[in-house]
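Structure assessment
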Amino acid sequence: MRFSRLNAWLASSLIFLAERAVPVRAGEPARPSEAEIGSIQHYLTPDQAIHEIWTGVASIDTLMARLTPQEMASIKKTLGQAAPSDTVIVFRPRDAHGTVLGHAVIGEEIGKYRPITFLVGTSPDLEVRNVEVLVYRESRGGEVRFPRFLRQYRGKSFVSPIRTNRDIINIAGATLSVNALNLGVKRVLLSLEALRDRKVL
Amino acid sequence: MWRIVGFVGLGLWVASAGWAEAPSSTSPLYQKPFLIKGRASLGGYMDLEFHAGDEGSTFDPHRFVPFIYAEVSDRVHVASEIEYEHGGEVAGDEETDGEISIEFATVDVKAADALNFRGGIILSPLGRLNVYHDSPMLDLTERPLVDRDVIPTTLSETGLGLYGSFGLTEMLLVNYEGYIVNGFKDSAVEDGVLDPHEGAGSKSEDNNNSRAFVGRLGLSPWLGTEVGVSVHTGDYDSLGAQNLTISALDARFATGPFEFLAEGALGRADYEASPGVEETAESAGFYLEGHFHFLSGAIRPLPQSVFTAAARLDYVDHDQNVDGLDQERLTLGLNFRITEETVFKNDLLFDRGRALDVSDWDDTQTAYRFSVATYF
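Parameters and conventions
Residues numbered from 1 in each chain as written. Chains lettered and ligands numbered in written order. Predicted model: local features only at pLDDT ≥ 70, side-chain atom pairs only at ≥ 80, totals over all residues. Helix = DSSP H or I, 4+ residues; strand = E, 2+ residues; numbered from the N terminus. Buried ≥ 20, exposed ≤ 12 C-beta atoms within 10 Å, placed from the backbone. Contact = placed C-beta atoms within 7 Å. Nonpolar A, V, L, I, M, F, W, Y, C, P; charged D, E, K, R; others polar. Pairing = 2+ DSSP bridges. Axes fitted to C-alpha atoms, helices over the stretch in contact; angles between N-to-C directions. Core = buried A, V, L, I, M, F, W, Y, C linked by C-beta atoms within 7 Å.

A word on unusual backbone geometry. A cis amide bond links threonine 153 of chain B to the next residue, threonine 154 of chain B, at an omega of -5 degrees. Along the chain, threonine 154 of chain B falls in the loop between helix H3 (146-149) and strand S7 (156-167). We note that isoleucine 162 of chain A has phi near 50 degrees; this positive angle belongs to a residue other than glycine. Relative to the helices and strands, isoleucine 162 of chain A resides in the loop between helix H5 (147-150) and helix H6 (175-197). Classification of isoleucine 162 of chain A as buried rests on a count of 22 C-beta atoms within 10 Å.

Structure (C-alpha cells):
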C-alpha cells in the first residue's frame, strides 16, 4: 500500500477514532483535548464532526477499501484530475440497534496555499447529509467552513454537478477554497458510489 | 475594425483548440497548484496580455507574481507576493518599464475569527477589487477605470491593524479590516487634479508624522450577496496639513450562473491653489459588471471547463470641479476557463472621453485585449 501524507493523516484519524469512539453514547458530547482547545486551526475532530452530522450515534465502525484502477480512471475522467490515493477509509456510524446511519469519509484538498481537511457525511443512499471542515489553515477564505456555505452540499449525490456558478454559490475572495471543496466532495461521492457499485458498501 | 474581429477569432481559436488530450503527467505538482515543503508553500499567478487598437499592437507579460505562504504556527501565518510587472527590470543600458516590488508581505496573528492582527505591507482594503485583484480571478483583462484613477489599485501600504469576520445569525455575516498606514504623499494632487496613483506613499518612510487610516466593513445578508463600504483618510502632504479621503461602496450579487458586481468611489483632497487659497480636488467613478457562466464541462476532455460572457460599464470623472476630463468605457468579454485556475480572455473595449472644458464626447475608440492568466 502506498501511504501518502493524506493516508498517514487518515490513518492517524482512524487510530484517534478507534481509541475513543467505540462505544460512544448517544447525545454525549465529545470532549476536545487540550491541544485542540489551544488550536483554533483544528475546528472539529472526525469524531465531533460525525456527531454533528448524526444524532443517536452509538458506535462507529470503519472500512478500509481500495479503488480498482478502472474505478480510479473513471473518477479521473469525471473530475479531470487523478485521485491522490486509491485508498478510501469509510466511517460508518451506527445507532444503538446497530443500524448504519450513513457513511463518512475524510478528504483533503489544497485551497490557495494550504490543504483543507474536511469530512463528508452521507445518508445510506449516498446523498450528502452535511460537510464539516475539520482543519482550515489559511488566513483568508475561512468562510468556506461556515454553515451557510456548507449547507449547499446537502442532498448532493455523485450525479450532481457540484460546480461553482452552477449548483454552488462562490465566495468572492475564496474561489480556490470553494473549488477545492467542490472537487473534494465530488471525489468522495464518486469513490463511495464506486464502492457501492462493487457491493463493498 | 476587421483586424480586431480577426484578433477576436484568433483568440477564441487559441483558447479552445488543442485540448483533446489532458497532460499525461499525474505528478501532484500538476494536480495541485502549489508546492508545499514543510510549513511553507510556494505558488503564484501569471498572465500574458495582447493589446491591439489604434495605437498599435503588442504582447505584454504584464504580471508574474510568485507568492510564499508560511504557517509559522497554528496562530501565526506569513503571506507575501512579489510582483514582476511587464517583465521586471532588466539590467543593462536599455531602460525598461518593468517593475519588481513586494505587493504584500504580512504577518497574521490569529486570536479568533472575529479578531486577528495583521502587520507589514498590507493590501489596502479600499473597495473590493484592490484586495481581490489576481488576474486569474478576474473575468476581464483590464481593471475598471475607477480602480485605476480613483482607487489606485494595486494599493499596498505599510502599517498594521485588525481584521476578522463574525456571524450575527447563521446567514448574516459581517467582515471588517482596519489598518493604520503611512498613507499618500504630496504628488497625490498635481495641478489641482487628484492623482492617487502618482501619490501612493513610500513603503519605507512616511512623508509626514501623520498616519492614515484605511478600512472596509462588509455585510453579507446571505451567501452570494455582499455590500461593503470602505474609506482611506489621512494627511498626504509633507506638512501634515492637507487631508485626502477616498471613500468607496461596493456590492456583489451571485445566483446560479449569474454574477453582478458594482463599485463606486469618490476621492477628495485639500490643496493650496495659491498662497492662502485652499481648494478641493475631487474625482469620482463607478463600474457595473455582469457575468454569465455557461457550457460548464461541455468540452468532454475538460470536465472542469466553463465559458463566461462578461460585460462592464465604466465611468470616471477625473475632476469634478470642471467640465470634461471624464471617460466612459464599455467592455464586452468572452472567456474560456480550462479549470477555475486558468483562463483565456477575449475583450472588446469601446472608449470615449472628453477633454477639459469640452462638452462633446470624442469619437469612440475600439480596442482588443487577449490574455491568458493562471495560478501555479
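Okay, the interface of chain A and chain B next. Taken together, the contact between chain A and chain B spans 31 residues of the former and 39 residues of the latter. Mapped by element, the contributors of at least two residues to the side of chain A that touches chain B are helix H4 (69-79), H5 and H6 of chain A. When residues in the side of chain A that touches chain B are grouped by element, the largest group, three residues, is from H5 of chain A. Of the residues in the side of chain A that touches chain B, the class split is 12 nonpolar, 13 polar and six charged.

Quick look at the pairing of strand S18 (residues 342-354) of chain B now. Residues and elements named next belong to chain B. Summarising the sheet, strand S17 (residues 326-339) and S18 pair through 13 bridges and their orientation is antiparallel. Note on S18: the bridge partner recorded for glycine 333 is aspartate 347. Hairpin geometry of S17 and S18 is characterised by an intervening segment of two residues between the two adjacent antiparallel strands. The pairing of S18 with strand S19 (residues 365-375) spans 10 bridges and is classified as antiparallel. Looking at S19, one finds that aspartate 351 is bridged to glutamine 365.

Residues and elements named next belong to chain A. Ordered in space as S1-S2-S3-S4-S5, the five strands form an open sheet in which the pairing is antiparallel. Among the strands making up the open sheet, the edge pair consists of strand S1 (59-66) and strand S5 (128-135). Direction aside, neighbouring strands of the sheet carry axes that sit 25 degrees apart on average. By the bridge criterion, eight bridges tie strand S3 (residues 103-110) to strand S4 (residues 115-122) in an arrangement that is antiparallel. Looking across to S4, one finds that alanine 104 is bridged to glycine 121. Set on the sheet, helix H3 (residues 46-53) makes contact with S1, strand S2 (87-94), S3, S4 and S5; between it and S5 the angle comes to about 150 degrees. Across the sheet, H6 touches S1, S2, S3, S4 and S5, and the angle it forms with S3 is around 140 degrees.

Before going further, it helps to examine the nonpolar core. Counting 50 residues, the largest nonpolar core has Ile50, Val105, Phe118, Val120 and Val185 of chain A as the members making the most contacts within it. Counting only elements with at least two residues in this core, the list comes to H3, S2, S3, S4, S5 and H6 of chain A. With 12 residues, the top contributor of residues to this core is H6 of chain A. Beyond its immediate stretch of four places on either side in the chain, isoleucine 50 of chain A contacts Val57, Ile60, Phe91, Pro93, Ala104 and Gly121 of chain A. Among the nonpolar cores identified, the runner-up in size contains 31 residues, and Leu126, Tyr179, Phe184 and Ile246 of chain B belong to it.

These values are about where atoms sit, not about what they do.
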